[in-house]
Amino acid sequence: MPASVYLNGELMPAEQASISPMDRGFLFGDGVYEVIPVYNGQPFCLVQHLRRLQNSCDGIQLTNPYSLAQWKKVVLDVIAANVDAGHDQSLYIQVTRGAPAARDHLFPESVQPTVFVQTKAFPKSDERLLSEGAKLISSDEIRWQMCHLKTTSLVANVLLKQQAHDNNADEVVLIRDGYVQECSVSNCFIVKDGVVTTPPKSNHLLPGITRDFVLHLLAKNNIQHREASIAPVELEGCDEIWISSSTKELMPATMLNEKPIGTGKPGELWRQVYTLFQANKYDE
Ligand code: PDD
């Protein structure tokens, strides 16, 4: 069966879905989004993702077109219409400020938001990242002051991720005001002497749902952890670095700016928490 997508109230074959070039998502990147893992047919931490979507809508003064219950139904309908994508999927939601007749920076009046939802097979685990670990570079932050909102205006993230790729790396760790914040498409953790640290939530980083799940696993399993600022020198001198996201789950990083982190191999504590992650992700 061809993939079905949801667009503005209707499920339809993906190739029939189209939106206006006047859509503000296209013209201004004026929208918000979510990426939700689906494990064994069940959306992972759905309420948390939908709450963050609400927060992103509020943050850009966009009226959320659906209630929590309506969103849940849309998400489950899209999953049910795409059983061919497999038991594990990656579901994408986008809401934009709609398609007015004319391009104008000011918010349009009486224009319905555009709602798009699609799903696809969950990306295969990257065996190289799992066995060798990710390569990181660090860079100054170039994004704006509202990084806690998951907006579709992602050109800065795109440039940063490409910068990593062009430097033979997988991700870039972003430094703002002298502290580590997050990466271009993931959150980060460091381990030093058995203690896991991740930067505290602020407007300078996305409050990752995977990050929260990892913190929950750490607490549940009595693994020492804290949310605290990380200086670049701590990043360089730590034993392990991990990165987390809805598509990469929890990955070890083993190189930073071409120098090994710790032993230069995926760390023992990462292995322990990754195993917990895999064992618990079907229950959330
Ligand atoms: N991005 N920080 C940034 C800048 C991100 O783009 C993401 C995820 C995260 C991790 O958040 P979560 O654990 O909720 O996925 C942190 C998604 C996957 C994306 O843009 O495709």
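As a reminder, the structure under discussion sits directly above these lines.
A brief structural summary. (Residues numbered from 1 in each chain as written. Predicted model: local features only at pLDDT ≥ 70, side-chain atom pairs only at ≥ 80, totals over all residues. Heavy atoms only, no water.)

## Quick notes on the overall build of the protein chain
Part 1: In terms of helices and strands, the protein chain carries eight helices and 15 strands.
Part 2: Radius of gyration (C-alpha) of the protein chain: 19 Å, near the 19 Å computed for a compact globule of 284 residues.
Part 3: Each of the three principal axes of the protein chain carries a C-alpha extent, and together these read 55 × 40 × 30 Å.
Part 4: When burial is assessed residue by residue, the protein chain has 50% of its 284 residues classed as buried.
Part 5: Of the contacts made within the protein chain by residues no fewer than 6 positions apart, 70% connect residues no fewer than 24 positions apart.
Part 6: Accessible surface for the protein chain amounts to roughly 13800 Å². Of this, 53% is attributable to carbon and sulfur atoms.
Part 7: The centroid of the 25 positive side-chain charges in the protein chain is displaced by 1 Å from the centroid of its 33 negative side-chain charges. (Helix = DSSP H or I, 4+ residues; strand = E, 2+ residues; numbered from the N terminus. Rg over C-alpha atoms; globule rule 2.2 N^0.38 Å. Buried < 20%, exposed > 50% of the residue type's maximum accessible area, 1.4 Å probe, protein only. Contact = heavy atoms within 4.5 Å. Areas by Shrake-Rupley, 256 points an atom, 1.4 Å probe, with all protein chains shown as cover. Lys, Arg positive; Asp, Glu negative; His and termini not counted. Charge placed at Lys NZ, Arg CZ, Asp CG, Glu CD.)

## Brief notes about the environment of V5
Part 1: One can find V5 in strand β1 (residues 4-7).
Part 2: Residue classification places V5 among the buried residues on the basis of a relative accessible area of 4%.
Part 3: C-alpha separation for the pair V5 and A17, spaced 12 residues apart in sequence, amounts to 7.4 Å.

## Details of the pattern of salt bridges
A side chain with one charge can pair with a side chain of the opposite charge if their charged atoms come near.
Part 1: Overall, the coordinates contain 13 salt bridges when judged by the stated rule.
Part 2: Across the salt bridge formed by R52 and E34, the nearest N and O atoms sit 2.8 Å from each other. Of this pair, R52 sits in helix α2 (residues 46-59) while E34 sits in strand β3 (residues 31-39), and the two are 18 residues apart along the sequence. Residue R52 shares its accessibility class with E34, and that shared class is buried.
Part 3: When salt bridges with common partners are traced through the structure, they connect E141, R143, R176 and E182 into a single cluster. (Salt bridge = Lys/Arg side-chain N within 4 Å of Asp/Glu carboxyl O.)

## Side note on the sheet that holds strand β2 (residues 10-13)
Part 1: Strand order across the open sheet formed by six strands is β2-β1-β6-β5-β3-β4, with antiparallel pairing between neighbours. The outermost strands of the open sheet, each flanked by one partner alone, are β2 and β4 (42-43).
Part 2: Taken together, the eight bridges between strand β5 (residues 89-96) and strand β6 (residues 114-121) define a ladder with antiparallel strand orientation. Looking at the pairing, Q94 lines up with F116 of β6.
Part 3: Packing of α2 onto the sheet brings it into contact with β3, β4 and β5, and relative to β3 it is tilted by some 175 degrees.
Part 4: Lying over the sheet, helix α3 (residues 68-80) contacts β1, β2, β3, β4, β5 and β6, oriented at roughly 135 degrees with respect to β5. (Pairing = 2+ DSSP bridges. Axes fitted to C-alpha atoms, helices over the stretch in contact; angles between N-to-C directions.)

## Remarks on the site of the ligand
Part 1: What surrounds the ligand is a group of 20 residues, the closest being Y33, R52, E182, T210 and S246.
Part 2: Taking R52, its side chain carries an N or O atom lying 2.8 Å from an oxygen atom of the ligand.
Part 3: In the model, a nitrogen atom of the ligand is placed 3.1 Å from a nitrogen or oxygen of the K150 side chain.
Part 4: For the ligand, the accessible surface in isolation is 480 Å², of which the surrounding protein chains cover 90%.
Part 5: For the shell around the ligand, the secondary structure elements donating two or more residues are β3, β9 (179-183), α6 (209-220) and β13 (240-245).
Part 6: The class makeup of the residues in the shell around the ligand is six nonpolar, 10 polar and four charged. (Near = heavy atom within 4 Å. Polar contact = N/O pair within 3.5 Å; in protein donor to acceptor, adjacent residues only side chain to side chain. Nonpolar A, V, L, I, M, F, W, Y, C, P; charged D, E, K, R; others polar.)

## A word on the pairing of β3
Part 1: Counting buried positions along β3 gives nine out of nine residues, so the element sits mostly inside the fold.
Part 2: On β3, burial covers both faces: G31, Y33, V35, P37 and Y39 on one face and V32, E34, I36 and V38 on the other are all buried.

## Notes on the pairing of β13
If a strand is regular, its side chains alternate between the two faces of the sheet.
Part 1: Of all six residues in β13, six are buried, a share of seventy percent or more.
Part 2: Residues E240, W242 and S244 of β13 are buried on one face, and the alternating residues I241, I243 and S245, pointing to the opposite face, are buried as well.
Part 3: Relative to β13, strand β10 (residues 187-192) runs antiparallel, the two sharing five bridges. Among the inter-strand pairings, F189 is bridged to a residue of β13, identified as W242.
Part 4: Both β13 and strand β14 (residues 249-256) contribute to a ladder of five bridges, which runs antiparallel. Considered in β14, the bridge of W242 is made with P252.
Part 5: Connecting β13 to the next strand, β14, in antiparallel fashion are three residues.

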